[in-house]
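# A closer look at the structure
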Amino acid sequence: MAPVDPHSFTDSTHPLTTHIALTLYFHFPSSTIHATALLTLQTPHTGQLSLDTRSLTIHKILDPETLTPLPFTLSSSEHPINGRHLTVSLNNHSSILILYSTSPSSSALQWLSPPQTFKKIHPFVYTQCQSVHARSVFPCQDTPAARVCYSAKLNVPRQLSAVMSARHCDRRDPVGSDLDGVLTKEATGFGFDLKSLWCEEGRIVEEFVMDQPIPPYLFAFAVGELGFREVGPRTRVYSEAVDGVLDAAAREFAGTEEMIRQAERLFGEYDWERFDLLVLPPSFPYGGMENPRMVFLTPTVIKGDASGAQVVAHELAHSWTGNLITNKNNEHFWLNEGFTTYAERRIVEVVKGEDIAALNVGIGWRGLNEEMERFKDNMEFTKLKNNQEGVDPDDIYSQVPYEKGFQFLWRIERQIGRPAFDEFLKKYIATFKFKSIDTETFLDFLKANVPEIEKEIDLQQWTEGTGIPPDAHEPVSNLYTKIVSLANDFKLGRMPREDEVADWKGQEWELYLENLPKAVEASQVLALDARYRLSESKDYEVKVAFLQLAISSRCRDYYGEVEKTLKEVGRMKYLRPLYSGLVHGAGKDEEKILAKRVFAEARECYHPIAQGVVEAIFAKHV
């Protein structure tokens, strides 16, 4: 076997899948999807074909032409990271039809009962397939090296609707021919007649098509009682059909079209036709997920002052760097996130101004330095290109690929000048669009297009060296310098005056808090909050940064607010530091008891990926 990816069973000697046609029947009472997947291969193949699965029941695999069963095996034990290895025996086949069901424990799917939703009337389900979770929704070669087009028919209760990372084609009544006449009880092994279920009263079918090849981690859907607001010629904001959420989101993201236009000026034409946004329930584990045509967002980005649009700028930038050009596997993740962080800050600079862009760089700089401390016992993960054999990418998810990757590209820009770097970026995107590449491919392209760059910048140190290279760069701006200076004054006992912070919004406060000492006197924490009410901030970046300070200072007055925050959001950016702060370090018995109790009570409201991250923190420190 010649693997292409440490996180996949995909064999480089086998043809890759080019298209997947899915029929998905959503059974909410059992948190299960009964499904068929028709996989089309690049070329006919004889011999074994390796596929990735996790928590799937494979009922049958058929030759789609003759409907005769094809022999297959599923590894008896589940690999803790890669799941189960599915091998199918082919004889000059160019396509296979897989009949399967998902499990309620699918790591990509969160099934929300009505009480867990905003409206508390109907259930809701959504996917999060990055990094290696698409295999728990359908059998596939679950590596970004295998880009696929797809079509999907989603059969859902009539009162619900669906969105996908694909073009919506139709909403119509189900018909038996949707299942191509093969799914009788006897033919499938499902143990029930799926065709009868499919055509039951009270069901509706939503059809989608994605004609552009995407890596499997960008496959996405959400099903629930959805509403939307139009905010631009190619942008709708969706969420659960709650007027307050929809209206607030529409206000927050009103400037999206201007961002798209500016991004097109910088990086070339937007290739995905639409740029819609879905605000998910609070359990969504990320700030945003760049699914093409349908970006998923946490509700914590709705801040009321349009600053949440920064996350949208990042997901928009992914439309070029990540979605058009993709890392070949997760060991080269910086190619997605470093480029996108650079592109995001260029968009922000044009739309919001240089000072705000410098604040973002400064917040990132602090975050990068903190990650060096986090990984001090395993410096492999401070490299841009790293070895992830036997490593769960969710466990080592960090700011390193984002911020060190950004610093690397910023270093190249400073070396050759912005006009030349802009031309380089456009050529890079045009050259590799709809391809998956690795770090070596990028470096070869860089050296070919910027002659002698390797004499000016130590490319090997930047991509394969540990830590922060000496030619990385802290940002310089008057606002940034002022905020860092005020944070340094706090160490000497001076709190900022109200006139000094009168114009501050969330990012200014975030940068200030990030630059305070990790632990101060509890009395200082109380005094800061008494004046500026940071623990009550509606901006979770500010609130969580303040609560981290309270935890590290053992200021127990705020533990009630910590508990409340951990129970109302599932975004890992907030869960990870709050739980880590509570359980990391000596003499934290009271805090550890609190953390375990809160997690036990909140666990079911977190996405499976977030559950795993918190459990890993406990395994290390409790």
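Basis of the calculations
- Along each chain, the written sequence defines residue order, and numbers are assigned to residues from 1.
- Predicted model: local features are reported for residues with pLDDT of at least 70 only, side-chain atom pairs are reported and counted for 80 or more only, and whole-chain, interface and lining totals are derived from all residues.
- The side-chain values count all of the structure's non-hydrogen atoms but skip hydrogen atoms and water molecules.
- Helix and strand definitions here come from DSSP, where helices need a minimum of 4 consecutive H or I residues and strands a minimum of 2 consecutive E residues; each element is numbered from the N-terminal end.
- Residue contacts are counted whenever heavy atoms from the two residues lie within 4.5 Å of one another.
- In short, DSSP must find at least two bridges between two strands for them to pair.
- Lines fitted to C-alpha atoms define the axes, with helix axes restricted to the stretch in contact, and inter-axis angles between N-to-C directions lie between 0 and 180 degrees.
- How far a helix is expected to stretch is found by multiplying one less than its residue total by 1.5 Å.
- Think of it in three bands: with a 1.4 Å probe and only protein chains considered, a residue is buried below 20% of the maximum accessible area for its type, exposed above 50%, and partly exposed in between.
- We define the nonpolar core as a collection of buried residues of types Ala, Val, Leu, Ile, Met, Phe, Trp, Tyr and Cys that are connected through side-chain atoms lying within 4.5 Å of one another.
- Classification of ring pairs rests on two measures: the distance between centres of Phe, Tyr or Trp rings, Trp counted by its six-membered ring, which must be within 6.5 Å, and the angle between planes, read as stacked under 30 degrees, edge-to-face over 60 and tilted in between.
- Identification of polar contacts relies on pairs of N or O atoms within 3.5 Å, with a donor-acceptor requirement for protein atoms, meaning one able to donate a hydrogen and the other able to accept it, and with residues adjacent in sequence counted only if both atoms are side-chain atoms.
- UniProt positions are given in the numbering used here, feature names are shortened, and annotations may be inferred rather than shown by experiment.

### Some remarks on the environment of Leu 154
Mapping Leu 154 onto the fold places it in strand 8 (residues 148-157). Taking the C-alpha atoms as reference points, Leu 154 and Glu 252, 98 residues apart in sequence, are found 30 Å from one another. With residues up to four places along the chain from it excluded, the contact list for Leu 154 reads Leu 24, Phe 26, Ala 162, Met 164, Ile 204, Val 205, Glu 206, Phe 208, Phe 221 and Val 223.

### Here's the deal with the sheet that holds strand 14 (residues 235-240)
Strand order in this open sheet of five strands is 13-14-15-17-16, and the pairing throughout is mixed. Two strands close off the open sheet at either side, each with one partner strand: strand 13 (226-232) and strand 16 (288-289). Where strand 13 meets strand 14, six bridges bridge the pair, whose relative direction is antiparallel. Paired with Glu 230 across the two strands is Arg 236, which belongs to strand 14. Its contacts with the sheet put helix 3 (residues 243-252) on strand 13, strand 14 and strand 15 (276-279), and the angle it makes with strand 13 is roughly 20 degrees.

### Digging into helix 20 (residues 608-621)
Compared with an ideal rise of 1.5 Å per residue, which puts 14 residues at 20 Å, helix 20 spans 20 Å between its outermost C-alpha atoms and is within 8% of the ideal. When we look at burial in helix 20, the residues that qualify are Ile 609, Ala 610, Gln 611, Val 613, Val 614, Ile 617 and Phe 618. Close packing links the buried residues of helix 20 with helix 18 (572-583) and helix 19 (589-602).

### Looking at the nonpolar core
Formed by 186 residues in total, the largest nonpolar core has its most connected members in Phe 26, Leu 154, Phe 221, Phe 442, Tyr 512 and Tyr 579. A per-element tally of this core places helix 16 (residues 540-552) first, with nine residues. Each residue touching Tyr 579, except ones within four places of it in the same chain, is listed here: Leu 566, Ala 595, Val 598, Phe 599, Tyr 606, Val 614, Ile 617 and Phe 618. In terms of nonpolar packing, the next biggest core, distinct from the first, is built from nine residues, Tyr 25, Phe 190, Leu 194 and Val 205 among them.

### Here we look at the packing of aromatic side chains
Following the criterion strictly, the structure yields 51 aromatic pairs and no others. Relative to Tyr 397, the ring of Tyr 286 lies with its centre 5.6 Å away and its plane at 75 degrees, an arrangement referred to as edge-to-face. In this pair, Tyr 286 is assigned in the loop between strand 15 and strand 16 and Tyr 397 in the loop between helix 7 (354-374) and helix 8 (400-416), connecting sequence segments 111 residues apart. This pair shows no difference in class: Tyr 286 is buried, exactly as Tyr 397 is. With 5.9 Å between their ring centres and 80 degrees between their planes, Tyr 397 and Tyr 402 make a pair best called edge-to-face.

### A few points about helix 16
The α-helix winds at 3.6 residues per turn, so residues separated by three or four positions along the chain end up facing the same way. Its 13 residues give helix 16 an end-to-end C-alpha distance of 18 Å, which sits within 8% of 18 Å, the value for a rise of 1.5 Å per residue. In terms of residue burial, helix 16 counts as a mostly covered element, since eleven of its 13 residues are buried. Among all positions in helix 16, only Tyr 540, Glu 541, Val 542, Lys 543, Val 544, Ala 545, Phe 546, Leu 547, Leu 549, Ala 550 and Ile 551 are buried. Of the surrounding elements, those touching the buried residues of helix 16 are helix 14 (506-514), helix 15 (522-532), helix 17 (559-568) and helix 18. Sitting at the head of helix 16, Asp 539 places a side-chain oxygen 2.9 Å from the backbone nitrogen of Glu 541.

### Describing the side chain of Thr 439
Here Thr 439 is to be found in helix 10 (residues 439-449). In this structure Thr 439 touches His 332, Trp 334, Leu 335, Lys 385 and Thr 463, once residues within four positions along its chain are discounted.

### Some thoughts on the UniProt feature "active site" (unreviewed entry) in the chain
If you check UniProt for "active site" (unreviewed entry), the listed places come out as Glu 315 and Tyr 402 in our numbering. Judged by maximum C-alpha separation, these annotated positions cover 88 residues in sequence but sit close together in space, the widest gap being only 12.8 Å. Tracing the sequence through the fold places Glu 315 in helix 5 (residues 309-317). Not counting residues within four places of it along the chain, the set of residues in contact with Glu 315 comprises Phe 275, Gly 288, Met 289, Glu 290, Val 295 and Leu 297. Engagement of the side chain of Glu 315 in a polar contact is seen with the backbone nitrogen of Glu 290, the distance being 3.4 Å. Structurally, the position occupied by Tyr 402 is in helix 8. Not counting chain neighbours up to four residues away, the residues in contact with Tyr 402 comprise His 314, Phe 333, Glu 337, Gly 338, Thr 341 and Tyr 397.

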